[in-house]
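Here is what each chain is made of, one letter per residue.
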Amino acid sequence: MDTSPSADPGTIDSVPTPTETRARRKVATAAALASAVEWYDYFVFGIAAALVLGDLYFPAGNGSAGVLAAFATFAVGFLARPLGGIIAGQLGDKRGRKPMLVLALTLMGVATTGIGLLPTYETIGIAAPVLLVTLRVVQGIAVGAQWGGAMLMATEYAPEGKRGVYGSLVQLGVPIGVVTANTVFLAAGALTSDSEFAAWGWRVPFLVGLLVLVLAWYIHTRVEETPEFREAEKELAEQEASRSARSPLRTIVREHLGTVFLAGGSFAVNTATFYIIITGVLDYTTRELGMKREAVLMVSLCISLTQLVLIPASAALSDRIGRLRIYALGAAGLAVWAVPMFLLIDTKSLLWMAVGTFVTSCFLSIMYGPQAALFAELFTAEMRYTGASLGYQIAAVFGGGLAPFVMVLLLEATGTSMAVAAYIIGLAVIALVSIKVLAGRASSR
């Protein structure tokens, strides 16, 4: 793993031909679009969980209980993500990045559309929450498989010295997905009454997920496999011919498990804080603080737009001065800003809430920009899909998936948002320790 500016991808010429340049741009665009639509489908569930799913699928007569049940279902999707990463990682390291990305997009499109068509508890009883959980698990498997494929399609096609920038194009899928999901929910809310929104308006954002199937078809028919995998594939073929091929997962578990956990530990604070500000804060400000749903969604949308600039900027800087330096700066910022953010949110002022979450978003972007290239550089090509995916998805489970649920529990148990701030600070400390160990390993090579 390299903490200095990005290493030469190896199989890509320093001076590309026009054909190679067009191929890179096509692949980078396809990977970015795949990430955006996949995350859109994933995020609409989080917004719906904060707004309507508790009442419709987990009626309990208690607002907090319904929200906790909906957020628990939200978290189930994260628990399934490592499974998607393992399956796609194994096959992606042996059979190619592209097929796994196409499969992930197809699964996500089918699951998201299914949620949009799913009858409520009032209509089919206990089958409704059971099916909702099942479809959320499929969403989790799909997004767990998707990130590694999209990230590697971009970074393994990157020209020399630009792996961070190319990787950040996939990372942009997150703010694009958030912006699109919030926009569609805002439009659905504006065009329907409260009763209509609860009855059918919330379903519209899920049905938009059908478009992901179109993108899956495009990538399957028009995008080629990455050059780094084609080189690794030759080595794998030779190993299989000599019966010495090893499972990428087995290699990771036996030889690189520590790196996987360090990667996950370094990233958990980022994914946890992200889901706290886009999902947990949405529930907290509307249910506990009495703020308007549309106004809070608009703040989230505007903040995500700023990430479209900050993420590639931090990635480009990491290409110049090193991944871990930028990464550590973002983690330290989250630790320092956690308490001020919630103090500002607790004023119940939309302006101060926007300021608090905007600064947090800046630190998230500083970390998230170089993260794809950083994780790719932790592992060699023949095990990269598996290793990078596991590191990312472990962080997603223990950080992002549980964060909104933990936030509600902490608020209910303590009555103060400072408990949530302490949760973020604790994860930030883990991140900084993990980053320091990774840096030490890199400098000793």
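Not measured: the values here are computed from a predicted model. (Residues numbered from 1 in each chain as written. Predicted model: local features only at pLDDT ≥ 70, side-chain atom pairs only at ≥ 80, totals over all residues. Heavy atoms only, no water.)

Draft legend 1. Examining the overall build of the protein more closely. The helix and strand inventory of the protein stands at 19 helices and zero strands. Relative to its full complement of 445 residues, the protein shows a buried share of 57%. Long-range contacts, defined as pairs at least 24 residues apart, comprise 87% of the intrachain contacts of the protein with a sequence gap of at least 6. Carbon and sulfur atoms provide 66% of the accessible area of the protein, an area that totals close to 16800 Å². (Helix = DSSP H or I, 4+ residues; strand = E, 2+ residues; numbered from the N terminus. Buried < 20%, exposed > 50% of the residue type's maximum accessible area, 1.4 Å probe, protein only. Contact = heavy atoms within 4.5 Å. Areas by Shrake-Rupley, 256 points an atom, 1.4 Å probe, with all protein chains shown as cover.)

Draft legend 2. Up close: helix α12 (residues 248-255). Residues of α12 that are buried: P248, T251 and I252. The buried side chains of α12 occupy one side of the element, clustering within an arc of 100 degrees when seen end-on. (Arc of directions from axis to C-beta.)

Draft legend 3. Structural detail: the confidence of the model for the protein. Per-residue confidence for the protein averages 82 on the pLDDT scale, and 87% of its residues sit at or above 70. When the elements of the protein are averaged for pLDDT, helix α11 (residues 227-241) gives the smallest value, 56, and helix α15 (residues 323-345) the largest, 95. Below a pLDDT of 50 lies the segment residues 1-13, which in the model reaches 48 contacts outside its immediate sequence neighbourhood of four places, other chains included. (pLDDT = per-residue confidence, 0-100.)

Draft legend 4. Seen up close, the packing of helix α13 (residues 257-288) against helix α16 (residues 350-377). For the pair α13 and α16, interaxial distance at closest approach is 10 Å and the crossing angle is 150 degrees. The chirality of how α13 crosses α16 is left-handed. Here α13 contributes A263, S266, F267, V269, N270, T273, F274, I277, V281 and T285 to the contact with α16, which in turn contributes M353, T357, T360, L364, M367, Y368, Q371 and F375. Within the contact of α13 with α16, the residues separate by chemical class into 11 nonpolar, seven polar and no charged. (Axes fitted to C-alpha atoms, helices over the stretch in contact; angles between N-to-C directions. Left-handed = near helix turned anticlockwise from the far one by under 90°. Nonpolar A, V, L, I, M, F, W, Y, C, P; charged D, E, K, R; others polar.)

Draft legend 5. Fine view of the packing of α13 against helix α14 (residues 293-321). Running from amino to carboxyl end, α13 crosses α14 at an angle of 155 degrees, the nearest separation of the two axes being 10 Å. On the basis of their axis angle, the class for α13 and α14 is roughly antiparallel. Classified by chirality, the crossing of α14 by α13 is right-handed. Contacts between α13 and α14 pair I278, L282, T285 and T286 from the former with R293, V296, L297 and S300 from the latter. (Parallel < 35°, antiparallel > 145°, perpendicular 65-115°, else oblique.)

Draft legend 6. Molecular detail of unusual backbone geometry. Its identity as a non-glycine residue notwithstanding, K348 has a phi of 65 degrees, on the positive side. Inspection of the secondary structure assignment puts K348 in the loop between α15 and α16.

Draft legend 7. Seen up close, the environment of F274. With respect to the helices, strands and loops of the structure, F274 is situated in helix α13. Measuring from C-alpha to C-alpha, the distance between F274 and A403 comes to 9.0 Å, with 129 residues separating the pair along the chain. Beyond its immediate chain neighbours, meaning those up to four positions away, F274 contacts F43, V174, V178 and L364.

Draft legend 8. Fine view of the side chain of T112. With respect to the helices and strands, T112 occurs in helix α3 (residues 97-117). Only 3.0 Å separates the side chain of T112 from the side chain of Q139, close enough to count as a polar contact. With residues up to four places along the chain from it excluded, the contact list for T112 reads D41, V44, Q139, F206 and G209. (Polar contact = N/O pair within 3.5 Å; in protein donor to acceptor, adjacent residues only side chain to side chain.)

Draft legend 9. A look at the pattern of salt bridges. Tallied over the full model, the rule gives five salt bridges. Residue E377 is joined to R163 by a salt bridge in which the shortest nitrogen-to-oxygen separation is 3.8 Å. Linking E377 in helix α16 with R163 in helix α6 (residues 163-171), this pair joins segments that are 214 residues apart in sequence. For E377, a relative accessible area of 9% gives the class buried. For R163, a relative accessible area of 5% translates into the label buried. (Salt bridge = Lys/Arg side-chain N within 4 Å of Asp/Glu carboxyl O.)

Draft legend 10. Here's a closer look at the packing of aromatic side chains. Applying the stated rule across the entire model yields seven aromatic pairs. Between the aromatic rings of Y57 and W202, the centroid separation amounts to 6.1 Å while the plane-to-plane angle is 90 degrees, which identifies the pairing as edge-to-face. One end of the pair, Y57, is in helix α1 (residues 18-57); the other, W202, is in the loop between α8 (194-199) and α9 (204-207), with 145 residues separating them in the sequence. Each of the two residues, Y57 as well as W202, counts as buried. Members of the aromatic cluster, joined through ring pairs, are F267, Y368, F375 and Y392. (Phe/Tyr/Trp six-rings, centres within 6.5 Å; stacked < 30°, edge-to-face > 60°.)

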